[in-house]
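What follows is each chain in one-letter form.
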Amino acid sequence: MTEGRVVVVTGGGSGIGEATARLLREGGHRVVVSGRRSEPLRRLEQEIGVLAHPSDARDPEAADGLVEAALGAYGRLDGLVLNAGIGRGGSVGDLSLDDWDEVMRTNVTGPLLLLRAAIPHLLQARGAVVAVASVSALRNGTSNAPYATSKAALLQLCRSVAVDYGRQGVRANIVCPSWVRSEMADRRMARFAAEADLRGEGMDGAYEEVTGLLPLGRPGEPREIAETISWLLSPAASYVNGAVLTVDGGATALDPGTLAFDFHVAPRHDETSGTSR
């Protein structure tokens, strides 16, 4: 983005949202951060000069109010980062309908409401949208029906913006991270560490266990995802529209049918020549 552009970041108080807000501010952009918890937003406001606007974007009036706050403070809106989201588990046969509704309202309806409020202003600015989905939008795991379905829906919602408004200058793209160190992931890892009895290895041991077979062999850091988001918002990505970028350490490149080999198959030794091949 050019200097001084205005970007709204939802879920901006921690994790990928916070890292994105910090990176954009480092680049001289004006940032409005939203979320349901006011304390981390106010802290970020004091530290780096973002505009904190606590709100629940699932509420149509709150979504309108968030856009109006950006316009009132800065007079325009150039970018939107749809990062707010929650996770709930469950298979189709046993998931809680309350959990299903909560995930869909937060991860799909919330972004829809904010997009509806922001589109007129993004059209005027020829702006950009980045949605933070997940590799769960592309691959699935056990007992993950609500979350995976919501992230797949978010992906197609954002692609609808790309298709419907691209000719009018608005770009919309999606990033799909794998495991990234964040508050939400930390909570899941803490539960996993307890359930798996990792013998005092704690959260770090849980991250190592979960990501050890990824090609990069580690979780991502929020800043790494933020760098991709910042690029997608910028003129450097001016011909990137409707793209789905996996920022996942190679998770979706991996064939699970090879996991049994653990990537450590010894080379065959040719007894005749004395060489390995």
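Residues numbered from 1 in each chain as written. Predicted model: local features only at pLDDT ≥ 70, side-chain atom pairs only at ≥ 80, totals over all residues. Heavy atoms only, no water.

1. Observations regarding the UniProt feature "domain: Ketoreductase" (unreviewed entry) in the protein
Phase 1: The UniProt record annotates "domain: Ketoreductase" (unreviewed entry) at residues 5-173.
Phase 2: Secondary structure across residues 5-173 divides into 52% helix and 16% strand, with the first and last C-alpha atoms of the span separated by 18 Å. (UniProt positions renumbered as here; feature names shortened; annotations may be inferred. Helix = DSSP H or I, 4+ residues; strand = E, 2+ residues; numbered from the N terminus.)

2. A look at the environment of arginine 76
Phase 1: You can see arginine 76 is positioned in the loop between helix H3 (60-74) and strand E4 (79-82).
Phase 2: Distance from arginine 76 to serine 134, taken between C-alpha atoms, is 29 Å for residues 58 residues apart in sequence.
Phase 3: Those residues in contact with arginine 76 that sit more than four places away from it in its chain are Val6, Arg30, Ala70, Leu71 and Ala125. (Contact = heavy atoms within 4.5 Å.)

3. Points about the domain arrangement of the protein
Phase 1: Here the protein is partitioned into domain 1 (6-177 + 223-245) and domain 2 (178-219).
Phase 2: At the interface, 13 residues of domain 1 touch six residues of domain 2.
Phase 3: Carbon and sulfur atoms make up 57% of the area that domain 1 and domain 2 hide from each other, which totals about 590 Å².
Phase 4: Here domain 1 and domain 2 share two salt bridges between them.
Phase 5: Residue glutamate 224 is joined to arginine 218 by a salt bridge in which the shortest nitrogen-to-oxygen separation is 2.8 Å.
Phase 6: Between domain 1 and domain 2 we count two residue pairs in polar contact (both at pLDDT 80 or more) in total.
Phase 7: At the level of elements, helix H1 (15-26), strand E6 (171-177) and helix H8 (222-233) are the ones that each hand at least two residues to the side of domain 1 that touches domain 2.
Phase 8: Looking at the side of domain 1 that touches domain 2, its residues break down into seven nonpolar, four polar and two charged. (Domains from an automatic or database assignment. Buried area = accessible area lost by both parts, 1.4 Å probe. Salt bridge = Lys/Arg side-chain N within 4 Å of Asp/Glu carboxyl O. Polar contact = N/O pair within 3.5 Å; in protein donor to acceptor, adjacent residues only side chain to side chain. Nonpolar A, V, L, I, M, F, W, Y, C, P; charged D, E, K, R; others polar.)

4. Remarks on the sheet that holds strand E3 (residues 51-54)
Phase 1: Sheet architecture is open: seven strands sit in the order E3-E2-E1-E4-E5-E6-E7, paired in parallel fashion. The sheet is open, and its two edges are formed by E3 and strand E7 (244-247), each paired on a single side. In this sheet, neighbouring strand axes are inclined to one another by 20° on average, regardless of whether the strands run parallel or antiparallel.
Phase 2: Two strands pair when backbone bridges link them, and strand E1 (residues 6-10) and strand E2 (residues 30-35) are joined in this way by five bridges, in the parallel orientation. Note that in E2 the partner of threonine 10 across the bridge is serine 34.
Phase 3: Seen against the sheet, helix H4 (residues 97-125) touches E1, E4 and strand E5 (128-132) and runs at an angle of roughly 170° to E4.
Phase 4: Strand contacts of helix H5 (residues 145-165): E5, E6 and E7, with the helix running at about 160° to E6, the strand carrying the most contacts. (Pairing = 2+ DSSP bridges. Axes fitted to C-alpha atoms, helices over the stretch in contact; angles between N-to-C directions.)

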